[in-house]
Amino acid sequence: MDFRAFPARAWARALNDALYHPHAQFSLQDSIAADDPLLVETLCTRLLPARGVRAEPDEVLVTVGSQQGLDLLSRALLGRGSVVAVEDPGYLDARHIFARSGAELRPLPVNASGLQPPATLAGVDLLHVTPSHHHPTNVTLSIGRRRELLALARESGTAIVEDDYDSEFRYQGRPTPALKGLDETGQVVYLGTFSKFLAPGLRLGYLVASRELVRELRDIRRYSVRHPSGHTQRALALFIRSGEYHRAVRRYRARLLRKWEAACTAVNTHLPWRSSPPPGGVSLWMTGPPTLDGRRLAQLAQRRGVLIEPGDLYFLGDDPPRNHFRIGLAAPQLAAIDPGIAILGELVEAATGHG
């Protein structure tokens, strides 16, 4: 993340206000298993409607980041012998959490329109999907495929976990409605997080599901962490209600847009292939020629002070493709993007086995 973009003064005011009347009783008490009612109401009335999601307070659970939401769902819904369909390439932490439950992971391919729906989801207990910006390629799941997945889930009884981890960061066009907003059967569990925008260290997220499932997840959470920090919950509610959250999102989105534009220009200037990155997310997913070794490129770049992420680790299987890598946009200063990608361009030949 870009720590310079964090709204420190506004957040400090919210933290301070949360310690005084009438908020202190919610910030400082032991809530046992309950969430801050002001934060839950704020989610239901001020954030979720923008994603097309309607929810009542008893359908919302506050989590210690989206990873806790995935862990709670894994404990409630999965076990040895369960089958989980995942995007391939896909989100590593989700894959690890599901595997630890003893579930079998079933990869589903992704292309420019997002996850490719299978012929059937029969026998699949849970499907994990990142439709707003696929992790790690950033492509958006088309509206037609969203409806197709919902129809397949209705037929098979499969639960869908919609991980909407960075929907705020779209740079062109209007956001596609959340899967949860199109769901008529209650089979979609919606996961959101504040970690991507505010700061990973805050560890606050939330999920939206049927009230029966939320009740079960709340009981599981109680005996692991009891509840997320009451002080942080109340401060976040005040921060959103003051308007500071949405102002900060707009400023941060504009900042990321400039970085995204600079990175898109740089990769098409310095790398020996053309790229058309999707207009969203906080990284660029690069696909080079089949002879490119992304791991070798990452090693060479690190020696020159440029950090990228090899892409093969996002794939399931014993022989993943090596010609992908990921360029992060959020942390680098704008002025460092073009010189950094120019260095990658100098190193590509050496990473293809021809240099």
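You'll find the structure just up there.
Residues numbered from 1 in each chain as written. Predicted model: local features only at pLDDT ≥ 70, side-chain atom pairs only at ≥ 80, totals over all residues. Heavy atoms only, no water.

The number of helices and strands found in the protein is 12 helices and 11 strands. Scaling as 2.2 N^0.38, a compact globule of 355 residues should have a C-alpha radius of gyration of about 20 Å, and the protein matches this with 21 Å. Overall, the protein is about 65 × 50 × 35 Å in size when its C-alpha atoms are taken along their principal axes. In the protein, which comprises 355 residues, the proportion classed as buried is 55%. In the protein, 74% of the contacts between residues at least 6 apart in sequence involve partners at least 24 apart. Carbon and sulfur atoms provide 51% of the accessible area of the protein, an area that totals close to 15,700 Å². Looking at the protein, you have 42 positive and 37 negative side-chain charges, and the mean spots of the two groups are 6 Å apart. (Helix = DSSP H or I, 4+ residues; strand = E, 2+ residues; numbered from the N terminus. Rg over C-alpha atoms; globule rule 2.2 N^0.38 Å. Buried < 20%, exposed > 50% of the residue type's maximum accessible area, 1.4 Å probe, protein only. Contact = heavy atoms within 4.5 Å. Areas by Shrake-Rupley, 256 points an atom, 1.4 Å probe, with all protein chains shown as cover. Lys, Arg positive; Asp, Glu negative; His and termini not counted. Charge placed at Lys NZ, Arg CZ, Asp CG, Glu CD.)

Quick look at the sheet that holds strand 11 (residues 324-328) now. Here we have 3 strands laid out as an open sheet, ordered 9-11-10, and antiparallel in their pairing. Either end of the sheet is taken by a strand with one partner, and the two such strands are strand 9 (283-287) and strand 10 (309-310). When strand 9 meets strand 11, the two strands line up antiparallel, connected through 5 bridges. Directly across from Leu-284, in strand 11, lies its bridge partner Ile-327. (Pairing = 2+ DSSP bridges.)

Take the pattern of salt bridges next. A side chain with one charge may pair with a side chain of the opposite charge, provided their charged atoms come close. For the structure shown, the criterion picks out 16 salt bridges. With a closest N to O distance of 3.0 Å, Asp-30 and Arg-226 form a salt bridge. You can see Asp-30 sitting in the loop between helix 2 (24-28) and helix 3 (37-47) and its partner Arg-226 sitting in the loop between helix 8 (211-222) and helix 9 (230-241), a full 196 residues away along the chain. Between Glu-244 and Arg-247 there is a salt bridge, with its nearest N and O atoms 3.5 Å apart. Of this pair, Glu-244 and Arg-247 both sit in helix 10 (residues 244-270), 3 residues apart, roughly one helical turn. Exposure remark for Glu-244: the relative accessible area of 17% places this residue in the buried category. Given a relative accessible area of 34%, Arg-247 falls into the partly exposed group. (Salt bridge = Lys/Arg side-chain N within 4 Å of Asp/Glu carboxyl O.)

Attention now goes to the nonpolar core. In terms of nonpolar packing, the biggest core is built from 32 residues, with Leu-284, Phe-325, Ile-327 and Leu-344 touching the most fellow members. The set of elements that each furnish at least two residues to this core consists of helix 10, strand 9, helix 11 (294-303), strand 11 and helix 12 (334-347). Cys-44, Ala-178, Val-208 and Tyr-245 belong to the second largest nonpolar core, which has 30 residues in total. (Core = buried A, V, L, I, M, F, W, Y, C linked by side-chain atoms within 4.5 Å.)

What follows is about the environment of Phe-239. Inspection of the secondary structure assignment puts Phe-239 in helix 9. For Phe-239, a relative accessible area of 1% corresponds to the buried category. In this structure, the C-alpha to C-alpha distance between Phe-239 and Ala-18, residues 221 residues apart in sequence, is 9.8 Å. Setting aside residues no more than four positions away along its own chain, Phe-239 makes contact with Pro-7, Ala-10, Trp-11, Ala-14, Leu-198, Glu-244 and Tyr-245.

Taken in spatial order, the 8 strands line up as 1-8-7-6-5-2-3-4 in an open sheet, and their pairing is mixed. Two strands lie at the open edges of the sheet, namely strand 1 (60-63) and strand 4 (114-115), each paired on one side alone. The pairing of strand 7 (residues 188-193) with strand 8 (residues 205-208) spans 4 bridges and is antiparallel. What sits directly across from Tyr-190, in strand 8, is Val-208. Relative to the sheet, helix 3 contacts strand 1 and strand 8, its axis offset from that of strand 1 by approximately 115°. Running at roughly 160° to strand 2 (residues 83-88), helix 5 (residues 92-100) makes contact with strand 2, strand 3 (104-111) and strand 5 (126-129) of the sheet. (Axes fitted to C-alpha atoms, helices over the stretch in contact; angles between N-to-C directions.)

As a further point, take the side chain of Ser-283. Along the polypeptide, Ser-283 turns up in strand 9. We classify Ser-283 as buried; its relative accessible area is 4%. A polar atom in the side chain of Ser-283 sits 3.4 Å from the side chain of Arg-326. Once residues within four sequence positions are removed from consideration, Ser-283 is found in contact with Pro-136, Asn-138, Arg-326, Ile-327, Gly-328 and Leu-329. (Polar contact = N/O pair within 3.5 Å; in protein donor to acceptor, adjacent residues only side chain to side chain.)

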